[in-house]
Amino acid sequence: MGCSISGLNALYDAATGGGDVWINERRFRVLRQIGEGGFAFVYLVREQQPASDAAPARRHSAHVSEDGTYAMKKVLIQSKEQLDLVREEIRVSSLFNHPNLLPLLDHAIIAVKGDWSHEAYLLFPVHLDGTLFDNANVMLSRKEFYSTADVLQIFRQMCEGLKHMHSFDPPYAHNDVKPGNVLITRRKGQAPVATLMDFGSARPARKQIRSRSEALQLQEWAAEHCSAPYRAPELWDCPSHADIDERTDIWSLGCTLYAIMFNVSPFEYALGDSGGSLQLAIVNGQLKWPAGPNPPYPDELRQFVIWMLQPQSEMRPHIGDVVLHVDKLIAKYLS
């Protein structure tokens, strides 16, 4: 559905004390806040009308919630630049349709009075088991680790979602692949389901850099949109003549595989070293291997990480090669 510019939300908000929110023709009751970051807040909401009464031709009917609960992201917008970014996030999110990518179910952008010019509401399926990052913090405190089988199956699902994005012409890069952007759904007796989310930084992947000013512009954009511990070397120190492509995501994917294995990102150690530099550790690909599970992960898994964490982007595999390799490892260690 297109963006709806309306004062209806603001009027209803004032009348109800903020308990209900309208997204186009659909009314939702806010149950509780489940996340926040920057100018965005994520709420658990419940639809106040039966799914059968809502818009009949929903693109994502497979994601209609059985109990009416959803995740609603509310973005506070102050400037035209912020408004353009939210509209771009909506546009890009609407391109993708894959079981390992979080679908955007509905959205509205509302003009409001006060400190903000607009509020955006984005509706998603709810995943209450948290992200890989949330799970990693718990597992780290308990000194727990995923099994080799679970590592490979979680990682393969991420690869499948990313492969969908990279298959577009031109390919789209996610630009912020990290544990905090991977939702986990636990299943008894099975590997967790992994769903890649947050397409606010996703852009066409391929860029030709032909001057120092273009290189600096890319670095500035990356500093704002790509999380530092997972940011590819070429986005930290971009040459004045470079061809950037979707293998920036492969670097982040390698960092995330490491984090699935060890519950920390591969270059965080540099932040704790006296005189250490996260940027230098990343640009030079200076990996350190922490203590892991006992028995340890197979060496092939470590070599897989190293293959993706090549400081020179042209030495990294493309996503199709990564999927082929993870399938070989799954065939070996899950048989």
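Above this text sits the structure in question.
Predicted model only: the values in this text are computed from it and were never measured.

**Student:** For this particular structure, what's the right way to read the overall build of the protein?
**Tutor:** Helix and strand counts for the protein come out as 11 helices and 12 strands. Counting only residues that meet the buried cut, the protein has 48% of its 335 residues in that class. Within the protein, counting contacts between residues at least 6 apart in sequence, those at least 24 apart form 66% of the total. As presented, the protein carries roughly 16000 Å² of accessible surface, and 52% of it is formed by carbon and sulfur atoms.

**Student:** Honestly, the pairing of strand E1 (residues 20–23) in this entry has me stumped. Any pointers?
**Tutor:** Regular strands show a simple pattern: their side chains alternate between the two faces of the sheet. As paired strands, E1 and strand E2 (residues 26–37) are joined by 4 bridges and run antiparallel to one another. Following the sheet pairing, Val21 is matched in E2 by Phe28. The antiparallel hairpin formed by E1 and E2 contains 2 residues in its connecting segment, where Asn24 sits at a positive phi of about 55°.

**Student:** Got a minute to help me understand the packing of helix H4 (residues 148–166) against helix H11 (residues 319–333) in this structure?
**Tutor:** Geometry of a packed helix pair, given as the angle between the helix axes and the separation of the axes. In the contact formed by H4 and H11, the axes pass within 10 Å of each other and the chain directions differ by 155°. It follows that H4 is roughly antiparallel to H11 by the angle criterion. H11 is crossed by H4, and the crossing has left-handed handedness. Residues Thr148, Leu152, Phe155, Arg156, Cys159, Glu160, Leu162, Lys163 and His166 of H4 pack against Ile319, Val322, Val323, Val326, Asp327, Leu329, Ile330 and Tyr333 of H11.

**Student:** Is there a simple way to explain the packing of aromatic side chains in this structure?
**Tutor:** The geometry of an aromatic ring pair comes down to the distance between the two centres and the angle between the two planes. By the definition in use, this model includes 12 aromatic pairs. Summarising the aromatic geometry, the rings of Phe168 and Tyr172 are spaced 6.0 Å apart at their centres and angled 80° between planes, so their arrangement reads as edge-to-face. Summarising the aromatic geometry, the rings of Tyr258 and Trp289 are spaced 5.4 Å apart at their centres and angled 35° between planes, so their arrangement reads as tilted. One end of the pair, Tyr258, is in helix H7 (residues 247–262); the other, Trp289, is in the loop between helix H9 (278–283) and helix H10 (299–308), with 31 residues separating them in the sequence. Among the aromatic residues, those joined into a cluster by ring pairs are Phe96, Phe168, Tyr172 and Phe199. Of note, Arg26 hangs over the ring of Tyr70, and the distance from its end group to the ring centre comes to 5.7 Å. We note Lys207 situated over the ring of Trp221; from NZ or CZ to the ring centre the distance is 5.9 Å.

Rules used in this analysis
Each chain has its residues counted from 1, running along the sequence as written. Local features in a predicted model are, by the rule used here, given only for residues with pLDDT of at least 70; side-chain atom pairs are given and counted only at 80 or more, and totals for whole chains, interfaces and linings are based on all residues. Computation of side-chain values: all heavy atoms of the structure, hydrogens and water removed. Strands here are runs of E lasting at least two residues and helices are runs of H or I lasting at least four, both read from the DSSP assignment and numbered beginning at the N terminus. Relative accessible area decides the class of each residue, using a 1.4 Å probe on protein chains only: under 20% of the type maximum gives buried, over 50% gives exposed, and in between gives partly exposed. Note on definitions: a residue-residue contact is assigned when non-hydrogen atoms from the two residues lie within 4.5 Å. Here the Shrake-Rupley method, with its probe set to 1.4 Å, supplies the accessible areas, and only the displayed protein chains count as covering residues. If DSSP finds at least two bridges between two strands, the strands pair. An axis is simply a line fitted to the C-alpha atoms; with a helix, the fit covers only the stretch in contact. Between two such axes, the angle follows the N-to-C directions and lies from 0 to 180 degrees. Roughly parallel refers to an angle under 35 degrees, roughly antiparallel to one over 145, roughly perpendicular to one between 65 and 115, and oblique to any angle outside these ranges. By convention the crossing between two helices is left-handed if the near helix lies anticlockwise of the far one by an angle smaller than a right angle, and right-handed if it lies clockwise. Pairing of aromatic rings covers Phe, Tyr and Trp, the last through its six-membered ring, and needs centres within 6.5 Å; plane angles under 30 degrees mean stacked, over 60 mean edge-to-face, and all others mean tilted. Distance and angle both matter: a charge sits over a ring if NZ of Lys or CZ of Arg is within 6 Å of the ring centre and within 35 degrees of the ring normal.

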